[in-house]
Amino acid sequence: MHSRQNGFGSVRELLLLILAGLLAFFAVTQYSSIIERSKVNGAFHIANESKLRLGEFYMLSARFPATDAEKRAITSDILKNPEYIRDVIIEQSVDEFDVVVKVFFKEDELDNLSNSDQFIYMAGVKSTAQKYSLDWTCGAQGINNGLLPANCNG
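Quantities reported herein were computed from a predicted structural model and do not represent experimental measurements.

Turning next to the overall build of the chain. Helix and strand counts for the chain stand at two helices and four strands. Helices and strands in the chain line up, N terminus first, as α-α-β-β-β-β. For the chain, the residues scored as buried account for 32% of the 154 residues in total. Across the chain, contacts joining residues at least 24 apart in sequence account for 47% of those joining residues at least 6 apart. For the chain, the exposed surface amounts to about 10,500 Å²; the carbon and sulfur share of it is 55%.

A word on the side chain of Lys 51. Summarising the element assignment, Lys 51 is placed in helix H1 (residues 8-61). Buried charge without a partner: Lys 51 forms no salt bridge, and the closest opposite charge is Glu 49, 9.8 Å away. Setting aside residues up to four positions removed in sequence, Lys 51 forms contacts with Val 101, Met 122 and Trp 136.

All right, on to a nonpolar patch on the surface then. Residues Val 11, Leu 14, Leu 15, Ile 18, Leu 22, Phe 25 and Phe 26 make up a contiguous nonpolar surface patch of roughly 700 Å² in combined accessible area. Mapping Leu 14 onto the fold places it in helix H1.

Now for helix H2 (residues 68-75). The α-helix winds at 3.6 residues per turn, so residues separated by three or four positions along the chain end up facing the same way. For H2, every residue scored as buried is listed here: Glu 70, Ile 74 and Thr 75. What you see down the axis of H2 is that its buried residues fit within an arc of 125°, all on one side. Looking at H2, the residues exposed on the side facing more than 90 degrees away from the buried face are Asp 68 and Arg 72.

Now for the sheet that holds strand S3 (residues 119-126). Across the sheet, four strands lie side by side as S1-S2-S3-S4; this open sheet has antiparallel pairing. Each end of this open sheet is capped by a strand with a single partner; those strands are strand S1 (85-94) and strand S4 (134-141). Neighbour-to-neighbour, the strand axes of this sheet turn through a mean angle of 15°, independent of strand direction.

Turning to the nonpolar core, a few remarks are in order. In this structure, Val 40, Ile 85, Val 103, Phe 105, Ile 120 and Ile 143 are the most contacted members of the largest nonpolar core, which totals 27 residues. Counting only elements with at least two residues in this core, the list comes to H1, S1, strand S2 (97-105), S3 and S4. It is H1 that contributes the most residues to this core, eight residues altogether. Sequence-distant contacts of Phe 105, defined by excluding residues within four places in its chain, comprise Lys 39, Val 40, Ala 43, Tyr 84, Ile 85, Arg 86, Leu 110, Gln 118, Phe 119, Ile 120 and Ile 143.

To continue, consider the pairing of S3. Pairing analysis gives six bridges linking S2 to S3, with the strands arranged antiparallel. Each bridged residue has a counterpart across the sheet, and for Lys 102 the counterpart in S3 is Tyr 121. Where S3 lies against S4, eight bridges are found, and the strand directions are antiparallel. Residue Tyr 121 lies in a different strand from S4, and its bridge partner there is Gly 139.

Analysis parameters
- Residues numbered from 1 in each chain as written.
- Predicted model: local features only at pLDDT ≥ 70, side-chain atom pairs only at ≥ 80, totals over all residues.
- Heavy atoms only, no water.
- Helix = DSSP H or I, 4+ residues; strand = E, 2+ residues; numbered from the N terminus.
- Buried < 20%, exposed > 50% of the residue type's maximum accessible area, 1.4 Å probe, protein only.
- Contact = heavy atoms within 4.5 Å.
- Areas by Shrake-Rupley, 256 points an atom, 1.4 Å probe, with all protein chains shown as cover.
- Lys, Arg positive; Asp, Glu negative; His and termini not counted.
- Salt bridge = Lys/Arg side-chain N within 4 Å of Asp/Glu carboxyl O.
- Patch = residues over 30% accessible without salt bridge, like charges linked within 9 Å, V, L, I, M, F, W, Y side chains within 5 Å.
- Arc of directions from axis to C-beta.
- Pairing = 2+ DSSP bridges.
- Axes fitted to C-alpha atoms, helices over the stretch in contact; angles between N-to-C directions.
- Core = buried A, V, L, I, M, F, W, Y, C linked by side-chain atoms within 4.5 Å.

What follows is the structure, given as structure tokens:
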């Protein structure tokens, strides 16, 4: 009887284990990135919805909301805000903008690039082309710009 040695079997198994380990490593890092991106997209959706309501309020009343009740009516959503959102606020006359909607994340929800608060904003400026209309831009503070939706132009 001839006995045949198969030395390549264990090498193949070792290579397969290394390959599986590398794939698992990359899958885990991509998974956390996907989770962060979905949280940012959720916050962007809330900011966009608030922006639409704020634009409608401005168009109908020719002013920005002044009372807390008016602001709450704009920033409240039909559905409850997700657990990773800390607050949604409206501010007037911020930097070069007439009005800003900010959606704040709870602490430690996303990888923080700085020690500052993390939020997404929609900022409006009174339109020069149309009366009682706003021109909008969006952006973020303390959030990786790569996580922002492609249509966020700020």
